[in-house]
Amino acid sequence: MPRRTAIRGNTAPGWPRRALFAIGGVLVLAVVWELYKALGPVEGVRWGQTVVLPRTSDLAMPHLWAIFQRYGQPVDSSAGSPTVLAAVARASLVSLGIAACGWAAGVVLGALLALLMVSWRLAERALLPYVILSQTVPLIALAPLVVTWGSQIHAGGFVWKQWMSVAAIAGYLAFFPISVGLLRGLRSAPVTQLELFRSFAAGWWRTLWSLRLPAAVTYLLPALRIAAAAAVVGAIVAEVSTGMQGGIGRTILAYGIASGGDPAKPWAAIIGAVVIGLVVAGAVSLIGLGLRRFRRGEESS
Amino acid sequence: STTTPTSKAGLTPVKIQLQWAVQAQFAGYVEAVKQGYYKDEGLDVTLVPAGGDIVPQTQLANGAVDYAIAWAPKALASREQGAAITDVAQIFQRSGTLQISFKDKGITSVKDLKGQTVGSWGGGNEFEPYAAMTKSGLDPATDVKVVQQGFDMNAFLDGDITAAQAMTYNELAQVLESKNPKTGKLYTLDDLNILNWSDLGFGMYQDGLWADTNKLKSDKAYQAQTVKVIAATLKGWVYARDHIDQTAADVVAAGSQLGLSHQTWQTNEVDKLIWPSPDGIGKIDSKEWAQTVDIALHTKNGSGATVISSKPDKDAYTNTYVDKALAELKKQGVDVTGEGFKPETVTLQPGGK
Amino acid sequence: MWRTVVPPVVFGVLLIAAWQAFVVGAQIKPFLLPAPSAIWQMIHQNPALIWRASLVTGGNALVGLIAGALVAVVLAGVAAAVRVVDHLSAPIVAAIAVLPIVAVAPVLYTMFGAGSQLPRQIVAGIAAFAPVFLNTLRGLRQVRPVHRELMTAYAATPWQATRAVTLPGALPYLFSGVNVAASLAVISALVAEYFGGPQTGLGSLITSAAANSGYAAAWAYVFGAIVVGLVFYLATLGLEKAVSRGGRTA
Amino acid sequence: MTDIDAVQVEQVSRVFAGGRRTVTALDDVSLSLAPGEFVSLIGPSGCGKSTLLRLIADLDAPSSGTVSVFGKTAQQARLDQDYGIAFQQAGLLPWRTVAANIALPLELHKVPASARKSRVAELLALVGLEDFASHYPDQLSGGMQQRVAIARALAEKPRLLLMDEPFGALDEMTRERMQTELVRLAAETGAAVVFVTHSIPEAVFLSDRVIVMSPRPGRITREIELGLGPAAERGERLRESTDFYAAVTAVREALHGEGAALPVGVETR
Amino acid sequence: MTDIDAVQVEQVSRVFAGGRRTVTALDDVSLSLAPGEFVSLIGPSGCGKSTLLRLIADLDAPSSGTVSVFGKTAQQARLDQDYGIAFQQAGLLPWRTVAANIALPLELHKVPASARKSRVAELLALVGLEDFASHYPDQLSGGMQQRVAIARALAEKPRLLLMDEPFGALDEMTRERMQTELVRLAAETGAAVVFVTHSIPEAVFLSDRVIVMSPRPGRITREIELGLGPAAERGERLRESTDFYAAVTAVREALHGEGAALPVGVETR
Ligand SMILES: Nc1ncnc2c1ncn2[C@@H]1O[C@H](COP(=O)(O)OP(=O)(O)OP(=O)(O)O)[C@@H](O)[C@H]1O
Ligand SMILES: Nc1ncnc2c1ncn2[C@@H]1O[C@H](COP(=O)(O)OP(=O)(O)OP(=O)(O)O)[C@@H](O)[C@H]1O
Ligand SMILES: Cc1ncc(C[n+]2csc(CCO)c2C)c(N)n1
Ligand SMILES: [Mg+2]
Ligand SMILES: [Mg+2]
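No experiment lies behind these values; they were computed from the predicted model shown. (Residues numbered from 1 in each chain as written. Chains lettered and ligands numbered in written order. Predicted model: local features only at pLDDT ≥ 70, side-chain atom pairs only at ≥ 80, totals over all residues. Heavy atoms only, no water.)

**Student:** Give a description of the sheet that holds strand β2 (residues 22-33) of chain E that names residues and reports values.
**Tutor:** Residues and elements named next belong to chain E. The strand order β2-β1-β4-β5 describes an open sheet built from 4 strands, whose pairing is antiparallel. Unpaired on one side and paired on the other, β2 and β5 (72-73) mark the two borders of the sheet. Of the strands in this sheet, β1 (7-17), β2 and β4 (64-69) touch helix α1 (residues 49-56), which is tilted by about 120° from β1. (Pairing = 2+ DSSP bridges. Helix = DSSP H or I, 4+ residues; strand = E, 2+ residues; numbered from the N terminus. Contact = heavy atoms within 4.5 Å. Axes fitted to C-alpha atoms, helices over the stretch in contact; angles between N-to-C directions.)

**Student:** Help me get a handle on the packing of helix α5 (residues 139-150) of chain A against helix α8 (residues 204-242) of chain A, residues and values and all.
**Tutor:** Between two packed helices, the angle of one axis relative to the other and the distance separating the axes together describe the packing. Residue and element names in this part refer to chain A. The geometry of α5 relative to α8 is characterised by a closest axis approach of 10 Å and an angle of 65° between their N-to-C directions. Classified by the interaxial angle, the pair formed by α5 and α8 is roughly perpendicular. With respect to the hand of their crossing, α5 and α8 are arranged in right-handed fashion. Of the residues in α8, those touching α5 at L139, I140, A143 and V147 are V237, S241 and T242. In terms of residue class, the contact of α5 with α8 is made up of 5 nonpolar, 2 polar and no charged. (Parallel < 35°, antiparallel > 145°, perpendicular 65-115°, else oblique. Left-handed = near helix turned anticlockwise from the far one by under 90°. Nonpolar A, V, L, I, M, F, W, Y, C, P; charged D, E, K, R; others polar.)

**Student:** Residues and numbers for the site of ligand 1, please.
**Tutor:** Residues and elements named next belong to chain D. Around ligand 1 lies a shell formed by F16, V23, A25, S45, G46, C47, G48, K49, S50, T51, E165 and H198. Here an oxygen atom of ligand 1 sits 3.2 Å away from a polar atom, N or O, in the main chain of C47. In isolation ligand 1 exposes 640 Å². Once the protein is present, 60% of that is buried. For the shell around ligand 1, the secondary-structure elements that each account for two or more residues are β2 (22-33) and α1 (49-56). Broken down by element, the residue count for the shell around ligand 1 peaks at 3 residues, all from α1. For the shell around ligand 1, the class distribution of residues is 4 nonpolar, 6 polar and 2 charged. (Near = heavy atom within 4 Å. Polar contact = N/O pair within 3.5 Å; in protein donor to acceptor, adjacent residues only side chain to side chain. Areas by Shrake-Rupley, 256 points an atom, 1.4 Å probe, with all protein chains shown as cover.)

**Student:** So what's going on with empty space enclosed by the protein? Residues and values would help.
**Tutor:** The final tally for this structure, using the stated rule, is 14 cavities of 30 Å³ or more. The calculated volume of the largest cavity comes to roughly 740 Å³. W20, G52, K74, N125 and F151 of chain B are, among the 34 residues lining the largest cavity, the residues nearest its centre. Only α3 (56-61), β3 (67-70) and α7 (171-176) of chain B together with α9 (202-211) of chain C provide two or more residues apiece to the lining of the largest cavity. Here the lining of the largest cavity gets 4 residues from one element, more than from any other, and that element is α9 of chain C. There is about 180 Å³ of room inside the second largest cavity. Taken together, 21 residues form the lining of the second largest cavity, with G256 and P266 of chain A, D152 of chain B together with P106 and V107 of chain C sitting closest to its centre. When contributions to the lining of the second largest cavity are tallied by element, the ones reaching two or more residues are α9 (248-257) and α10 (264-290) of chain A together with α5 (101-112) of chain C. Sort the elements by how many residues they give to the lining of the second largest cavity and α5 of chain C lands first, with 5 residues. Residues belonging to the lining of the second largest cavity are distributed by class as follows: 15 nonpolar, 5 polar and 1 charged. (1 Å grid on protein atoms, 1.4 Å probe; cavity = no way out; pocket = protein on both sides within 12 Å on 5 of 7 lines; lining within 4 Å. Points joined across faces, edges and corners; volume = space filled by probe spheres on them.)

**Student:** So what's going on with the nonpolar core? Residues and values would help.
**Tutor:** Counting 244 residues, the largest nonpolar core has I16, Y29, L209 and W237 of chain B together with L160 of chain D as its most contacted members. In terms of residue count, α8 of chain A provides more of this core than any other element does, 20 residues in total. (Core = buried A, V, L, I, M, F, W, Y, C linked by side-chain atoms within 4.5 Å. Buried < 20%, exposed > 50% of the residue type's maximum accessible area, 1.4 Å probe, protein only.)

**Student:** How would you sum up the UniProt feature "transmembrane region" (unreviewed entry) in chain C? Please name residues and give values.
**Tutor:** All names here are of chain C. Within this numbering scheme, the UniProt entry marks residues 61-85, 92-112, 118-137, 173-196 and 216-239 as carrying the feature "transmembrane region" (unreviewed entry). In residues 61-85, helix accounts for 96% and strand for 0%; the two terminal C-alpha atoms are 28 Å from one another. The distance separating the terminal C-alpha atoms of residues 216-239 is 34 Å; by composition the span is 100% helix and 0% strand. (UniProt positions renumbered as here; feature names shortened; annotations may be inferred.)

**Student:** Report on the interface of chain B and chain C, specifying residues and quantitative values.
**Tutor:** Of the residues lining the interface, 34 residues belong to chain B; the matching set on chain C comes to 30 residues. Of the roughly 2,300 Å² buried where chain B meets chain C, counting both sides, 51% is carbon and sulfur surface. Counting every contact that joins chain B to chain C gives 0 salt bridges. At the surface where chain B touches chain C, the tally comes to 7 residue pairs in polar contact (both at pLDDT 80 or more). Listing elements by their share of the side of chain B that touches chain C, those giving two or more residues are α3, α4 (72-80), α5 (127-135), β7 (145-148) and α6 (154-157) of chain B. Considering each element in turn, the side of chain B that touches chain C owes the most residues, 4 residues, to β7 of chain B. Residue classes in the side of chain B that touches chain C are distributed as 11 nonpolar, 16 polar and 7 charged. Both β7 of chain B and strand β1 (residues 197-198) of chain C contribute to a ladder of 2 bridges, which runs antiparallel. Following the sheet pairing, Q148 of chain B is matched in β1 of chain C by G197 of chain C. (Buried area = accessible area lost by both parts, 1.4 Å probe. Salt bridge = Lys/Arg side-chain N within 4 Å of Asp/Glu carboxyl O.)

**Student:** How would you explain the site of ligand 2 if you had to name every residue and give the values?
**Tutor:** Residues and elements named next belong to chain E. What surrounds ligand 2 is a group of 14 residues, the closest being S45, G46, K49, S50 and T51. G48 is positioned with one of its backbone polar atoms (N or O) 2.9 Å from an oxygen atom of ligand 2. In this structure, S50 approaches ligand 2 through a side-chain N or O atom, which is 2.6 Å from an oxygen atom. It is α1 that provides the largest number of residues to the shell around ligand 2, a total of 3 residues. Counted by class, the shell around ligand 2 contains 5 nonpolar, 6 polar and 3 charged residues.

Here it is in structure tokens:
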């Protein structure tokens with residue numbers, strides 16, 4: 001008998017408390033970092049030949065305040081050079097935009113695949129293993145192919161741009177969680193409800209729209225979030241792979257090249273990359289708010 | 001296709017594929033754009049930056065760009081895979097690849113590398129040290145520990161790599177822009193032992209300008225355009241030779257993400273790889289070419305393969321176009337040999353700022 | 001068995017046949033797209049090299065996967081038990097989930113030394129951590145009230161309750177995390193080779209070959225990577241079957 | 001009966017060819033239902049009650065034999081929406097409000113919004129849930145959910161209602177109230193009903209006729225015609241009447257084979 | 001009664017302080033149970049039956065009043081493992097075999113392996129599942145699962161059995177068989193039983209005493225002492241006897257307040 005246990009008190013802390021805890025977590029990490037840097041050996045803790053705890057030199061672990069100071073200073077000595085913060089923010093926005101395109105492309109491709117697999121069992125059996133294996137193909141091998149074949153496309157006035165290659169690669173990473181998650185979600189509609197729709201003589205599309213898709217929302221949302229993170233990672237890797245300028249991936253690399261004399265600089269860019277990842281994941285969570293009514297009964301914590 | 005679309009102001013659009021991000025390594029091209037030399041020839045040139053996995057010569061062969069800058073050995077390997085490309089101007093006359101180590105390691109000859117951790121970029125940039133080691137009786141697979149070298153020099157600075165690969169114009173500067181934790185001052189050349197592959201006789205042709213072989217054969221307009229591209233480019237390099245500081249500033253302005261002192265150093269060092277060019281900048285020397293081919297034929301890389309398996313055909317390079325361009329420039333009174341070139345002494349700032 | 005093996009095999013064969021036909025029919029140059037036959041030839045020529053490199057990369061991925069998964073499980077256990085830890089770790093876990101390899105790998109080589117395999121293993125471990133942590137935490141939270149009350153009724157100690165109910169119940173979740181983590185660990189270990197470490201793995205071979213337009217060779221090494229990924233995937237599936245016999249969670 | 005039969009099941013068998021062995025869920029079952037007639041199917045677990053219902057609803061097809069509904073094929077009847085169906089679980093869509101759940105079949109069949117609205121209001125009143133129109137299913141008790149499912153089944157005024165243990169999840173009191181309601185509703189709308197249940201008193205209380213089935217292979221073993229008076233008059237009193245107990249005893253005996261209890265350890269499913 | 005009471009509930013209240021409003025689940029409830037006595041709790045949904053049972057089991061604590069079990073506090077009784085408990089859902093661990101599920105409490109209380117083995121064999125025989133020892137729960141029917149849960153509750157030969165609607169999920173026939181078994185088991189082991197149910201016939205069939213409760217606030221409204229003869233002799237015949245029907249009617253009336261049916265639309269939970 002489906003007795004509801006929903007009466008349980010809502011023990012999850014509210015928004016402000018959660019945010020406080022999150023800040024606390026970051027602070028704890030910061031303290032651990034600085035403590036280890038202060039107390040750990042410069043050469044790192046070794047176990048036999050390998051370093052098992054990191055080196056504490058400024059090169060390996062710059063002071064956190066050095067990183068934050070670096071944000072306020074100009075990128076380089078040339079006239080009119082923007083601050084690192086401005087440069088990282090601009091590069092992050094570029095990557096964010098590309099990742100968003102890649103994410104959208106991945107969502108469309110992943111959804112199409114999921115629909116194909118859900119409507120045709122044989123397709124699922126034949127395709128699913130390859131969907132999984134597709135993710136073990138390294139981007140190093142893929143990037144040149146994407147760039148090469150992309151440049152062959154000239155349809156009308158359309159010209160394949162470099163950022164499109166980056167977005168395509170981001171999409172390649174993003175489609176995977178979508179196709180797997182959505183497939184599960186579309187299959188999650190209970191048999192009784194599917195039969196109900198059959199008893200209403202509802203067609204395949206109606207059933208998809210009114211039943212399968214709403215039922216898939218709880219699976220789709222985490223998939224969208226994972227796909228967003230994957231798209232960001234994909235965009236950043238692909239920027240480096242394809243040599244695209246202006247994004248945060250390229251910035252990380254460029255600042256990394258300078259790290260020998262300016263160790264805080266690459267960290268400033270890395271933090272930028274993590275922030276876009278979090279922003280994108282957070283933005284996708286907002287989609288979840290819009291779809292709240294499809295998530296009734298989902299556990300809050 | 002033979003139809004060359006015209007862009008704004010009747011200029012012909014041309015794309016040149018760089019090997020890397022915009023930096024002073026490509027100063028001549030940057031200046032040819034900046035000083036309007038391409039425009040004077042009726043060309044609207046776009047410099048296309050590359051990244052880790054983009055192979056410039058492949059981009060050229062599949063028509064994504066009109067010209068590409070490439071290292072000869074890698075370009076020859078691509079030719080064996082069917083890429084129809086031709087070296088039409090060999091800008092860098094000397095190889096700029098070094099193997100550097102700290103003085104206290106005592107590595108003064110190739111033989112001293114035995115048993116050491118040797119850095120390598122892989123990806124076709126490793127043939128010079130491999131050839132040198134093989135010649136000296138070292139087996140790169142067993143006698144040294146080859147470690148992948150990343151984009152930064154931290155592994156070298158931390159001592160994880162004893163002898164690191166370095167371009168005179170880039171990674172060497174990265175080291176010299178770093179502080180020696182023991183002294184708190186920047187490292188200097190006195191702290192380093194340097195093996196210079198070019199001086200040791202293992203140099204292979206590096207940055208050259210490559211064009212599409214088939215179009216060179218059949219497309220008159222492309223032939224004429226190639227001469228123009230080369231002429232303007234060489235003029236850019238002349239400017240870079242004569243205005244080192246301005247060039248460095250222009251490179252930074254063109255979007256290089258490294259600092260000014262680094263780009264000044266880089267301009268100066270790149271100039272050294274070009275000037276003086278007694279035969280005229282861009283000329284391919286058949287003896288040097290033969291050395292490149294010879295090393296490419298006989299040196300095995302980490303996976304046991306040689307760069308190329310047979311001698312390249314005669315389309316691999318030609319001086320036809322560079323000769324025309326040089327003649328043109330000489331008529332304009334441009335100094336294309338740089339006999340009197342004197343490198344400057346550049347002071348690097350911490351972090352290359 | 002028949003139904004699960006035949007369709008993917010047939011699809012794979014068709015795919016490869018179409019690829020071969022395209023390359024041969026349209027006379028695609030090898031530097032644009034290598035033919036499957038050419039790739040196969042490269043595999044055939046150099047099986048020992050691919051095998052050795054696969055062992056290196058696969059070994060790093062395995063160490064990373066095991067370490068990352070262990071840390072994730074332990075931390076998930078603590079987070080499930082102590083709410084404060086859960087809330088404190090939330091932003092850090094979220095950040096780890098979006099850390100790009102390109103950003104962390106160079107830093108790790110600087111922190112742990114570029115001459116060893118450890119940074120690669122850490123990269124693989126970081127990649128494996130997030131999915132295992134998040135799934136396991138969900139699994140640990142999913143203990144059915146009946147089971148929890150049963151343990152109270154039996155006056156079971158917390159450790160007994162954990163062992164008898166919480167851990168076994170969380171296993172399927174843990175494994176669905178491990179399944180995702182497996183292929184992530186492989187790809188991450190491989191990409192990390194790009195930024196440092198001994199040049200003995202598949203990643204080094206792939207870049208090296210690709211830079212010389214040796215795409216047939218590059219794809220022969222990619223084939224090695226795919227096989228390693230497949231082995232990991234099947235191994236985690238098999239492990240799941242072996243450990244969680246007895247069927248579904250409630 | 002002058003009308004066409006509401007349901008006509010003729011010599012129907014249904015064999016499931018499972019992995020290792022085949023299961024004969026129904027073996028040569030025949031059954032007919034007059035319009036407006038209320039028939040209950042009762043029998044031990046696995047005797048094929050649900051299977052029979054699903055064949056009538058064209059959610060499954062017989063291995064042999066024919067099923068016709070109002071003189072058409074079961075499939076045509078389904079496409080014409082001649083029946084309403086309710087399952088053991090309410091099967092409401094959790095993301096739709098009560099009103100939207102009831103409106104679902106109307107929406108699917110493109111009934112205009114205004115007509116839909118008034119019909120939903122009618123149905124809400126019928127099942128006594130006017131105040132809950134904009135609640136979501138998880139805000140309702142099990143009994144209320146079941147009433148929503150029943151309202152949904154009635155939405156298109158079907159001439160035939162198929163119900164598979166719709167009250168299984170309810171507590172005894174709610175269940176008895178729902179039974180009273182159902183009898184009233186069926187009488188009011190004149191619908192024929194096929195009602196699957198495990199409960200003997202429920203079957204007796206509701207039906208004009210109880211059909212007793214036995215498993216392996218699924219067969220109809222007895223049909224018991226009941227004469228407990230017109231639907232409208234059934235109520236609490238009936239449940240305590242001697243007639244009622246007599247009928248319950250009769251069905252129990254038909255079901256258990258005259259008191260021959262099975263030994264423990266032999267499962268009937 | 002010369003013995004100490006098996007259960008002694010004295011003036012117990014339980015108030016849940018929920019988000020917006022407080023719910024008085026039990027209000028001043030007193031109850032005592034002699035050793036070996038079989039008592040059923042019956043009442044509409046939400047009247048506090050489960051809450052009362054959980055207080056006795058020390059799975060929850062009263063807001064006021066005291067609960068003692070065999071003269072000790074409920075907590076002490078729980079720690080001493082004086083009771084066995086079975087919930088509405090069987091609550092078996094899906095990753096343990098039938099035998100391992102039954103052995104669970106013995107394992108947790110460090111009964112040596114050999115003793116455990118023989119006790120499990122005994123229990124399997126008791127519930128007629130000897131052949132299913134190494135099956136997993138998902139390979140069993142609902143009724144078989146419930147029997148495993150009961151065997152588990154009996155594993156440590158408790159002097160008190162607490163059962164919360166253990167037969168709710170079973171079909172009528174299996175349910176009746178399980179009832180017969182339970183009466184026999186309780187009589188054989190001499191255990192006192194507190195049995196929660198929604199089914200009037202079930203309460204009547206099983207119990208020495210039926211306790212009727214009413215909701216909001218949860219109170220005991222009636223206790224009905226039954227004299228249907230010794231446990232061992234109850235069987236199919238009893239269910240059809242006039243005494244049985246009379247008792248069922250008596251409980252029904254106690255429960256429904258003499259035929260005063262509630263209007264549809266007012267939920268009792
Ligand atoms: N899809 C199926 N595949 C194989 N066997 C099936 C399938 N559906 C039903 N059966 C079998 O057919 C028989 C009848 O099943 P059915 O669901 O009709 O029983 P039932 O009378 O409704 O039982 P219950 O009272 O438990 O609902 C059972 O033995 C069952 O195992
Ligand atoms: N943890 C809780 N928090 C708040 N209220 C509760 C909680 N547990 C029970 N209640 C409330 O206490 C009352 C009694 O609940 P209880 O579960 O004891 O009822 P019950 O008689 O067992 O009902 P049912 O027949 O549905 O099982 C109900 O109104 C319920 O909503
Ligand atoms: C992974 C990796 N590959 C190559 C280089 C070296 N590199 C950077 S620029 C340049 C000259 C050609 O443009 C060369 C050889 C590196 N640092 N890291
Ligand atoms: Mg059924
Ligand atoms: Mg209860």
